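Notes for the structure review
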Amino acid sequence: MNAIIRKAELRDAASIVRAEQEIAQEPGFFCSQPSELSEQNVKNTIESSHGVYFVAECNGCIAGHAFLEILPLQSLKHIAQLNIAVHKGFQNRRIGTQLMERIIEWANESESIEKIELNVRASNAQAIALYKKMGFLEEGCLKRRVKTEIGYIDDILMALHVKGSLPDRKISRTGVYGVAKENGNILLVIQKSGPFAELFDLPGGGIEFGEDPNQALHREFIEETGMDFRSMIQIDNYSAITRVPALNGRPGYEFIK
């Protein structure tokens, strides 16, 4: 689904806070309780001059929102904190991806922002997968940070360096990719980001923590193509080493897959 990504306006605040309150009712997504979210706070953030606030609009409805807040201390003004939410009923439609692409584009164009940071609940596997796909790296974990009615949830700290460079890393990751074939035609997707942006690839990606290959491929197909499937047949196992150079401030790495 292609959304219109535009800057948020004050008239959007009521729709945004209703969506946030609905999301906050389910443990593991927001730290805030529904009663702690208010329309006035949303308006204050939209009007703030210390960052940017975007909404994704689909057929006249707000389908998601994201904002960057530049940290106020002089020594931290090169860092922006990211908050993003895809509204109920619009999941698995690339809304989060489109918002992330616009946020990162805006940060790259900014003269001051060098790094984007975010916190994400360890239980939110789908969000973590999206952030990793957009180039974010895990920088730490706050154990038992979020207390909910179902227990404690760790908070994962992630970041994207939009300017500058980091030392090359070595990454070992297991991925799963699917071949969908019909009448001699094979389904391919175009990579939207990363070192292989604008290149054709098979649908698929890395297996996230707690997933088996079937679950990972099922999730990736929904995220990348909007398609679902009932079962899969394993064809073969492959391994390779890919050396990816530093690009747009992201560190280079040796990828064992």
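This text gives an overview of the structure that appears in the document. (Residues numbered from 1 in each chain as written. Predicted model: local features only at pLDDT ≥ 70, side-chain atom pairs only at ≥ 80, totals over all residues. Heavy atoms only, no water.)

**Re the overall build of the protein**
Counting its regular elements, the protein contains five helices and 16 strands. Looking at the protein as a whole, 39% of its 257 residues are labelled buried. Long-range contacts, defined as pairs at least 24 residues apart, comprise 58% of the intrachain contacts of the protein with a sequence gap of at least 6. When the accessible surface of the protein is split by element, carbon and sulfur atoms take 49% of a total near 15,000 Å². (Helix = DSSP H or I, 4+ residues; strand = E, 2+ residues; numbered from the N terminus. Buried < 20%, exposed > 50% of the residue type's maximum accessible area, 1.4 Å probe, protein only. Contact = heavy atoms within 4.5 Å. Areas by Shrake-Rupley, 256 points an atom, 1.4 Å probe, with all protein chains shown as cover.)

**Details of the sheet that holds strand 6 (residues 137-148)**
Strand order in this open sheet of seven strands is 1-2-3-4-5-7-6, and the pairing throughout is mixed. The two strands at the open ends of the sheet, each matched to only one other strand, are strand 1 (4-7) and strand 6. In this sheet, adjacent strand axes meet at a mean angle of 25 degrees when their direction is disregarded. Judged from the seven bridges that link them, strand 5 (residues 115-121) and strand 7 (residues 151-161) form a sheet pairing that is antiparallel. Across the sheet, the residue bridging to Leu118 is Met158, located in strand 7. Across the face of the sheet, helix 3 (residues 95-109) comes into contact with strand 1, strand 2 (51-58), strand 3 (61-70), strand 4 (79-86), strand 5 and strand 7 while running at roughly 150 degrees to strand 2. In the packing of helix 4 (residues 125-133) onto the sheet, contacts are made with strand 4, strand 5, strand 6 and strand 7, and the angle to strand 5 comes to roughly 160 degrees. (Pairing = 2+ DSSP bridges. Axes fitted to C-alpha atoms, helices over the stretch in contact; angles between N-to-C directions.)

**Re a nonpolar patch on the surface**
Together, Val179, Ile186, Leu188, Ile190, Phe200 and Ile235 make up an exposed nonpolar region whose accessible area comes to about 610 Å². If you trace the backbone, Ile235 turns up in the loop between helix 5 (213-225) and strand 15 (241-244). Of the residues examined, Ile235 reaches a relative accessible area of 67% and is grouped as exposed. (Patch = residues over 30% accessible without salt bridge, like charges linked within 9 Å, V, L, I, M, F, W, Y side chains within 5 Å. Salt bridge = Lys/Arg side-chain N within 4 Å of Asp/Glu carboxyl O.)

**Quick look at the packing of helix 1 (residues 13-24) against helix 2 (residues 39-47)**
Look at helix 1 against helix 2: their axes get within 9 Å of each other, and the N-to-C directions meet at 120 degrees. In this view, helix 1 runs oblique relative to helix 2, as classed from their interaxial angle. The way helix 1 lies across helix 2 gives a crossing that is right-handed. Across from Ala13, Ala14, Ile16, Val17 and Glu20 in helix 1, the residues of helix 2 making contact are Glu39, Val42 and Lys43. (Parallel < 35°, antiparallel > 145°, perpendicular 65-115°, else oblique. Left-handed = near helix turned anticlockwise from the far one by under 90°.)

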